[in-house]
Amino acid sequence: SEKSGREAVDKRAVELDEKLSQVTVRLKAKANEQGHLFAAIKSSDVARALQEQQGITVSESELIIDRPIRSAGIHKITWHIGQVRGDFCLEVLEVD
(Lines give C-alpha, C1' and ligand atoms only; values in the text may rest on other atoms or scores of the structure.)
Protein backbone atom coordinates (compact mmCIF):
# COMPACT_ATOMS: atom_id res chain seq x y z
CA SER A 1 0.00 0.00 0.00
CA GLU A 2 1.04 3.62 -0.47
CA LYS A 3 0.98 4.34 3.26
CA SER A 4 3.32 1.48 4.20
CA GLY A 5 5.70 2.53 1.41
CA ARG A 6 5.79 6.07 2.79
CA GLU A 7 6.34 4.77 6.33
CA ALA A 8 9.31 2.73 5.09
CA VAL A 9 10.77 5.86 3.46
CA ASP A 10 10.24 7.86 6.66
CA LYS A 11 11.81 5.13 8.81
CA ARG A 12 14.87 4.96 6.54
CA ALA A 13 15.14 8.76 6.54
CA VAL A 14 15.04 8.93 10.35
CA GLU A 15 17.69 6.19 10.63
CA LEU A 16 19.84 7.96 8.03
CA ASP A 17 19.50 11.27 9.87
CA GLU A 18 20.69 9.66 13.12
CA LYS A 19 23.74 8.17 11.39
CA LEU A 20 24.68 11.07 9.12
CA SER A 21 24.34 13.81 11.72
CA GLN A 22 27.39 12.31 13.46
CA VAL A 23 29.48 11.76 10.33
CA THR A 24 32.31 13.53 8.57
CA VAL A 25 33.25 11.95 5.26
CA ARG A 26 36.77 12.55 4.00
CA LEU A 27 37.87 12.58 0.39
CA LYS A 28 41.36 13.18 -0.97
CA ALA A 29 41.78 15.13 -4.17
CA LYS A 30 44.58 16.66 -6.17
CA ALA A 31 44.69 20.45 -5.93
CA ASN A 32 46.81 23.32 -7.16
CA GLU A 33 48.81 25.61 -4.87
CA GLN A 34 45.72 27.75 -4.18
CA GLY A 35 43.72 24.72 -3.00
CA HIS A 36 41.54 24.54 -6.12
CA LEU A 37 40.81 20.96 -7.14
CA PHE A 38 41.83 19.74 -10.57
CA ALA A 39 38.58 17.72 -10.82
CA ALA A 40 35.32 18.65 -9.11
CA ILE A 41 33.88 16.28 -6.52
CA LYS A 42 30.48 14.97 -7.58
CA SER A 43 27.59 13.34 -5.74
CA SER A 44 28.75 9.93 -7.02
CA ASP A 45 32.12 10.47 -5.26
CA VAL A 46 30.38 11.41 -2.01
CA ALA A 47 27.96 8.46 -2.19
CA ARG A 48 30.86 6.05 -2.76
CA ALA A 49 32.85 7.54 0.15
CA LEU A 50 29.84 7.25 2.48
CA GLN A 51 29.52 3.57 1.59
CA GLU A 52 33.24 2.83 1.91
CA GLN A 53 33.93 4.84 5.08
CA GLN A 54 30.67 4.55 7.03
CA GLY A 55 28.80 1.62 5.47
CA ILE A 56 25.91 4.00 4.72
CA THR A 57 24.19 3.59 1.37
CA VAL A 58 22.61 6.60 -0.30
CA SER A 59 21.91 7.13 -3.97
CA GLU A 60 23.36 10.06 -5.87
CA SER A 61 19.85 11.45 -6.34
CA GLU A 62 19.41 11.63 -2.54
CA LEU A 63 22.41 13.97 -2.21
CA ILE A 64 22.06 17.68 -2.95
CA ILE A 65 25.22 19.38 -4.14
CA ASP A 66 24.22 22.80 -5.44
CA ARG A 67 27.41 23.43 -7.33
CA PRO A 68 30.45 21.23 -7.98
CA ILE A 69 32.91 21.07 -5.11
CA ARG A 70 36.16 22.53 -6.42
CA SER A 71 38.09 23.44 -3.28
CA ALA A 72 39.74 21.71 -0.34
CA GLY A 73 38.23 22.19 3.11
CA ILE A 74 34.92 21.46 4.86
CA HIS A 75 31.72 21.39 2.84
CA LYS A 76 28.15 20.86 4.04
CA ILE A 77 26.32 18.19 2.06
CA THR A 78 22.51 18.05 2.18
CA TRP A 79 20.58 14.83 1.62
CA HIS A 80 16.86 14.22 1.24
CA ILE A 81 14.55 11.24 1.31
CA GLY A 82 10.90 12.05 0.77
CA GLN A 83 10.14 15.08 2.93
CA VAL A 84 13.07 14.51 5.31
CA ARG A 85 16.32 16.47 4.87
CA GLY A 86 19.56 16.53 6.77
CA ASP A 87 23.19 17.54 6.48
CA PHE A 88 26.59 16.05 7.04
CA CYS A 89 30.15 17.26 6.61
CA LEU A 90 32.47 16.46 3.76
CA GLU A 91 36.13 17.22 4.33
CA VAL A 92 38.20 17.49 1.18
CA LEU A 93 41.89 16.94 1.79
CA GLU A 94 44.58 17.99 -0.67
CA VAL A 95 47.02 15.40 -1.95
CA ASP A 96 50.07 15.94 -4.13
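A brief report on the enclosed structure follows.

### Some points on the layout of surface pockets
In step 1: Taken as a whole, the largest pocket encloses approximately 250 Å³ of empty space.
In step 2: Along its surface, the largest pocket is lined by I64, I65, D66, R67, P68, I69, R70, S71, H75, K76, I77 and T78.
In step 3: Counting only elements with at least two residues in the lining of the largest pocket, the list comes to strand 4 (69–71) and strand 5 (73–81).
In step 4: Top element by residues in the lining of the largest pocket is strand 5. It accounts for four residues.
In step 5: Taken together, the residues of the lining of the largest pocket break down into five nonpolar, three polar and four charged.

### Looking at the nonpolar core
For soluble globular proteins, nonpolar side chains are generally found buried alongside one another.
In step 1: Within the largest apolar cluster, 24 residues are counted, with the highest numbers of intra-cluster contacts made by I41, L50, L63, W79, F88 and L90.
In step 2: For this core, the secondary-structure elements that each account for two or more residues are helix 1 (2–20), strand 1 (24–30), strand 2 (36–41), helix 2 (43–54), strand 5 and strand 6 (84–95).
In step 3: For this core, the leading source of residues is helix 2, giving four residues.
In step 4: Excluding anything up to four places from it in sequence, L63 contacts S43, V46, A47, V58, I77, T78, W79 and F88.

How each quantity is defined
Residues numbered from 1 in each chain as written. Predicted model: local features only at pLDDT ≥ 70, side-chain atom pairs only at ≥ 80, totals over all residues. Heavy atoms only, no water. 1 Å grid on protein atoms, 1.4 Å probe; cavity = no way out; pocket = protein on both sides within 12 Å on 5 of 7 lines; lining within 4 Å. Points joined across faces, edges and corners; volume = space filled by probe spheres on them. Helix = DSSP H or I, 4+ residues; strand = E, 2+ residues; numbered from the N terminus. Nonpolar A, V, L, I, M, F, W, Y, C, P; charged D, E, K, R; others polar. Core = buried A, V, L, I, M, F, W, Y, C linked by side-chain atoms within 4.5 Å. Buried < 20%, exposed > 50% of the residue type's maximum accessible area, 1.4 Å probe, protein only. Contact = heavy atoms within 4.5 Å.

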